[in-house]
Amino acid sequence: MTLIVAVANDDIGFMVGDTVLTPLLQVRGNPVGPVNGEFHGLKIQILDGKTAIAFASSNASNTALNIIANAQREIQENAQSNIIENVVENFKKRLASSGGEKPDCEFLVLRLEADGKRLAHITATGSRFCERAYIGDAAQYARMTKLRKPFEGPREQQV
């Protein structure tokens with residue numbers, strides 16, 4: 001169950017996520033994963049000092065990783081390229097070229113630029129810029145938000 005949360009505002013830009021991969025990647029070799037019986041991998045890829053891309057996928061982890069690899073090559077060839085547009089276009093091409101089952105992927109692209117921090121949420125239906133977003137399991141996100149509480153200052157202060 002993937003859950004990746006990202007925030008980008010004037011003060012900070014970050015992504016936090018899990019590493020458990022979907023069972024579709026367990027087809028090779030031993031069906032028991034090497035870490036506590038599960039398979040793990042990086043779902044947040046840091047492409048350079050200014051760009052990070054996260055993915056959540058239920059059936060197309062390889063597709064998502066290929067799209068991220070294409071974005072990495074684009075950054076290496078042209079540092080000024082629009083990575084967000086690159087991911088959107090590559091994802092549209094994959095959706096159009098897939099035969100029967102469409103890849104079920106979502107992406108978060110965090111870009112730390114000189115004029116501010118930008119966060120893009122990319123899905124099969126399109127992309128949007130936002131300040132806060134999550135991808136993955138909605139039930140786990142609801143569970144996480146229940147843990148949030150208002151700030152409580154210290155009960156006593158020593159001077």
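Whatever comes next refers back to the structure up there.
We now examine the overall build of the chain. When helices and strands are tallied, the chain shows three helices and eight strands. Written out in order from the N terminus, the α and β elements of the chain read β-β-β-β-α-α-β-β-β-β-α. In the chain, the proportion of contacts linking residues at least 24 apart, taken out of those at least 6 apart, comes to 57%.

Across the sheet, five strands lie side by side as β3-β4-β5-β6-β7; this open sheet has antiparallel pairing. Single-partner strands in this sheet number two, and they are β3 (44–48) and β7 (126–130). Each adjacent strand pair in this sheet contributes to an overall mean axis angle of 20°, direction not counted. Against the sheet, helix α1 (residues 61–77) engages β3, β4 (51–57) and β5 (105–113), with an angle of about 165° to β4.

Of the strand pairs in this sheet, β4 and β5 are connected by seven bridges, and their pairing is antiparallel. The residue bridging S57 from the neighbouring strand is C105, located in β5. By the bridge criterion, seven bridges tie β5 to strand β6 (residues 116–123) in an arrangement that is antiparallel. The residue bridging L108 from the neighbouring strand is H121, located in β6.

Turning our eyes to something else, we now look at the sheet that holds strand β2 (residues 13–17). Taken together, three strands build an open sheet; the order of strands is β2-β1-β8 and the sheet is antiparallel. In the strand order of this sheet, the two ends are held by β2 and β8 (132–136), each with one partner. Here the strands of the sheet are splayed against their neighbours by 10° on average, with no regard to which way each runs. Here five bridges tie strand β1 (residues 3–8) to β8, and the two strands are oriented antiparallel to one another. Note on β8: the bridge partner recorded for V5 is Y134.

On to the packing of aromatic side chains, then. Evaluated as defined, the whole model comprises two aromatic pairs. Measuring from centroid to centroid gives 5.4 Å for F91 and F107, while their planes differ by 80°, and the two rings are edge-to-face. One end of the pair, F91, is in helix α2 (residues 83–97); the other, F107, is in strand β5, with 16 residues separating them in the sequence. Take F91: its relative accessible area is 2%, and that puts it in the buried class. In this structure F107 comes out as buried when scored by relative accessible area, which is 0%. Judged by centre distance (3.9 Å) and plane angle (5°), the rings of Y134 and Y141 are stacked. By relative accessible area, Y134 is classed as partly exposed at 27%.

So, about α2. Under the 1.5 Å per step criterion, the end-to-end length of α2 is 21 Å for 15 residues, consistent within 8% with the ideal 21 Å. Taken as a whole, α2 has its buried residues at I83, I84, N86, V87, V88, N90, F91 and L95. As for α2, its buried residues are in contact with β4, α1, β5, β6 and β7. Between a side-chain oxygen at the N-terminus of α2 and the backbone nitrogen of I84 the separation is 3.2 Å; the capping residue is N82.

Cut-off values and rules
Residues numbered from 1 in each chain as written. Predicted model: local features only at pLDDT ≥ 70, side-chain atom pairs only at ≥ 80, totals over all residues. Heavy atoms only, no water. Helix = DSSP H or I, 4+ residues; strand = E, 2+ residues; numbered from the N terminus. Contact = heavy atoms within 4.5 Å. Pairing = 2+ DSSP bridges. Axes fitted to C-alpha atoms, helices over the stretch in contact; angles between N-to-C directions. Phe/Tyr/Trp six-rings, centres within 6.5 Å; stacked < 30°, edge-to-face > 60°. Buried < 20%, exposed > 50% of the residue type's maximum accessible area, 1.4 Å probe, protein only. Expected span 1.5 Å × (residues − 1). Polar contact = N/O pair within 3.5 Å; in protein donor to acceptor, adjacent residues only side chain to side chain.

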